[in-house]
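These are the residues of each chain, in order.
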Amino acid sequence: MRLARQAICTSVLMAGLSAACLASPLSWLEGSYHGADDGTQIEENWVIGDDGQAIGTTVWLKHGVVTLRETAQIRPKGKGYQMCLWITHQDGKSTRIDMSGQLEGPNRLNFRT
C-alpha cells in the first residue's frame, strides 16, 4: 500500500513538473492590456494555445468608434517565431504582414519584415 501511494504521489508530481516545463516561452504575453494615447483608447488581448502559439487582438477606439483593428498570430518556427499580422482600417481595407523574429530576452520579441 505504501509503495502504491508513493507511486501515485510521484506521478502527480511528475505531471505537475511536466506541465511547468512545457509552458510556452510566450506565456508572459498572455493577458489583457488597456491604455490610451492622444485621445485614442487601446484594448489588447493575448491568449496562448496548447501548441505554443499566441493569438492577439488589438482595437483602437476614438470617441467610441473603432478606427483600427489588428489580429496577430505568432507561431514557433525553427529556433524563432513567425508572425502573421492582419491590420484592418476604419474603411474596412485590410493588410497582411508576415514577419520573422526571435526572443531577445525573457520578455522581448523582435520581428522584422
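Right above here is the structure, for reference.
Here the residue numbers are simple positions, counted from 1 along each chain's written sequence. Per-residue local features of the predicted model are confined to residues with pLDDT of at least 70, and side-chain atom pairs are confined, for both listing and counting, to 80 or more; whole-chain, interface and lining totals are unaffected and use all residues. Side-chain descriptors were evaluated using all non-hydrogen atoms of the structure, hydrogens and water having been removed beforehand.

Examining the overall build of the protein
Point 1. The helix and strand inventory of the protein stands at 1 helix and 7 strands.
Point 2. In the protein, the order of α-helices and β-strands from amino to carboxyl end is α-β-β-β-β-β-β-β.
Point 3. Considering only intrachain contacts with a sequence separation of at least 6, the fraction spanning at least 24 residues in the protein is 17%. Counting from the N terminus, the helices are DSSP H or I runs at least four residues long and the strands are E runs at least two residues long. By the convention used here, residues are in contact when the closest approach between their heavy atoms is within 4.5 Å.

Observations regarding the environment of Ala36
Point 1. Residue placement: Ala36 occurs in strand β1 (residues 31–37).
Point 2. Of the residues examined, Ala36 reaches a relative accessible area of 67% and is grouped as exposed.
Point 3. As a C-alpha pair, Ala36 and Leu61 span 25 residues in sequence and 9.2 Å in three-dimensional space. The cut-offs for exposure are 20% and 50% of the maximum accessible area for each residue type, with area from a 1.4 Å probe on protein chains only; residues under the lower value are buried, those over the upper are exposed, and the others partly exposed.

Observations regarding the pattern of salt bridges
Point 1. What counts as a salt bridge is simple: a side-chain nitrogen of Lys or Arg found within 4 Å of a carboxyl oxygen of Asp or Glu. In total, this model carries 2 salt bridges according to the counting rule given.
Point 2. A salt bridge links Arg96 to Asp98; the nearest nitrogen and oxygen atoms lie 3.1 Å apart.
Point 3. Take Arg96: its relative accessible area is 49%, and that puts it in the partly exposed class.
Point 4. Asp98 sits in the partly exposed class, given a relative accessible area of 38%.
Point 5. The partner of Glu104 in a salt bridge is Arg108, and the shortest N-O contact between them spans 3.8 Å.

Scope: geometric values only; no functional claims are made or implied.
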